[in-house]
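# Structural characterization, general
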Amino acid sequence: MRPAMRRLWPFLLGPLLAGLALAQDWRLTRSQTLTQAGAREWRYTLAPAGREAQELWQKLSEQYRDHLRAGYRVDLGAWRLYFLGGRLRLEPHCPAVNPACFTFGALPVPKNRQDRLLLELSQMLDQALLQAQGTGGSLTLSRLFRLEVRRGQGPPYPASPSGWRP
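So, how was this worked out
- Residues numbered from 1 in each chain as written.
- Predicted model: local features only at pLDDT ≥ 70, side-chain atom pairs only at ≥ 80, totals over all residues.
- Heavy atoms only, no water.
- Helix = DSSP H or I, 4+ residues; strand = E, 2+ residues; numbered from the N terminus.
- Buried < 20%, exposed > 50% of the residue type's maximum accessible area, 1.4 Å probe, protein only.
- Contact = heavy atoms within 4.5 Å.
- Phe/Tyr/Trp six-rings, centres within 6.5 Å; stacked < 30°, edge-to-face > 60°.
- Lys NZ or Arg CZ within 6 Å of the ring centre and 35° of its normal.
- pLDDT = per-residue confidence, 0-100.
- Disulfide = S-S within 2.5 Å.
- Core = buried A, V, L, I, M, F, W, Y, C linked by side-chain atoms within 4.5 Å.
- Polar contact = N/O pair within 3.5 Å; in protein donor to acceptor, adjacent residues only side chain to side chain.

### Notes on the environment of A47
Inspection of the secondary structure puts A47 in strand β2 (residues 38-48). A relative accessible area of 18% places A47 in the buried class. Separated by 74 residues in sequence, A47 and L121 have C-alpha atoms that sit 9.0 Å apart. Setting aside chain neighbours within four positions, we find A47 in contact with D25, W26, R27 and S142.

Here it is in structure tokens:
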């Protein structure tokens, strides 16, 4: 490789690698209301961060809701969401999360973009559930479901639709 090219590589790859390292599609917020009577339960909210992730999740969650209405399950990596006896339920699904553990949407975006969004979702959902198990409270995955977790409670979790009707 010529010396000029060696000096150019850091300038070409640096911003790309920094962008990948900083790319975060999901945001987990944790809040608690304090009143004179004391602290209320914790609320965990998992939502897409950034415009591109929000647009992609909006389209994907619409397809997921249609799947659920039709009686199919939705695989979210380590977790599976489905109706059982007319009630929404979240249970463990794929112990070794990989792209085959997801229900993919028919969207005009590259598959690797969906992979990245869904892999991060699975990771953040695990983190949120772990925190909720330790403190108790509610967990909402924007545009898809909401569930209540009692302190120390393990799966499966009864859930309810969030932002849509079955």
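Moving on, there is more to tell.
### Observations regarding the packing of aromatic side chains
If you walk through the whole model with that rule in mind, you get 5 aromatic pairs. Judged by centre distance (5.0 Å) and plane angle (75°), the rings of W26 and W57 are edge-to-face. In this pair, W26 sits in strand β1 (residues 26-35) while W57 sits in helix α2 (residues 51-69), placing the two residues 31 residues apart along the sequence. Pair check on accessibility: W26 and W57 agree, each one buried. Plain terms: the ring middles of F102 and F104 are 6.2 Å apart, the flat faces sit at 65° to each other, and that makes the pair edge-to-face. Through pairs of rings, three or more aromatic residues link up here, namely W26, W57 and Y64. When the ring centre of W42 is taken as origin, the NZ or CZ atom of R30, which lies over that ring, is 3.8 Å away. Residue placement shows K111 over the ring face of F104; its charged tip is 4.5 Å from the ring centre.

### A few points about the confidence of the model for the chain
Averaged over all residues, the pLDDT of the chain is 86; the fraction at 70 or higher stands at 86%. Here helix α1 (residues 3-22) is the element of the chain with the lowest mean pLDDT, 42, and strand β3 (residues 74-75) is the one with the highest, 98. Predicted confidence is poor over residues 4-22, with pLDDT under 50, and the contacts of this stretch with residues over four places away or in other chains come to 4 contacts.

### A word on the state of the cysteines
Applying the stated criterion across every chain yields a total of 1 disulfide. Residue pairing for C94: its cysteine sulfur links by disulfide to C101, the two sulfurs lying 1.9 Å apart. For the pair formed by C94 and C101, the shared burial category is buried.

### Some points on the nonpolar core
Core analysis: the biggest nonpolar cluster contains 35 residues, and W57, L76, L129, L141, L144, F145 and L147 have the highest contact counts within it. Broken down by element, this core gets its largest block of residues, 8 residues, from helix α3 (residues 111-135). Once residues within four sequence positions are removed from consideration, L144 is found in contact with W57, S61, Y64, R65, L68, L76, L81, L88, S160, P161, S162 and W164.

### What to know about the environment of R69
Its place among the elements puts R69 in helix α2. A relative accessible area of 42% means that R69 is categorised as partly exposed. Excluding residues that lie within four positions of it along the chain, R69 makes contacts with W164, R165 and P166. Polar contacts involving the side chain of R69 include one to the side chain of D66, which spans 3.1 Å.

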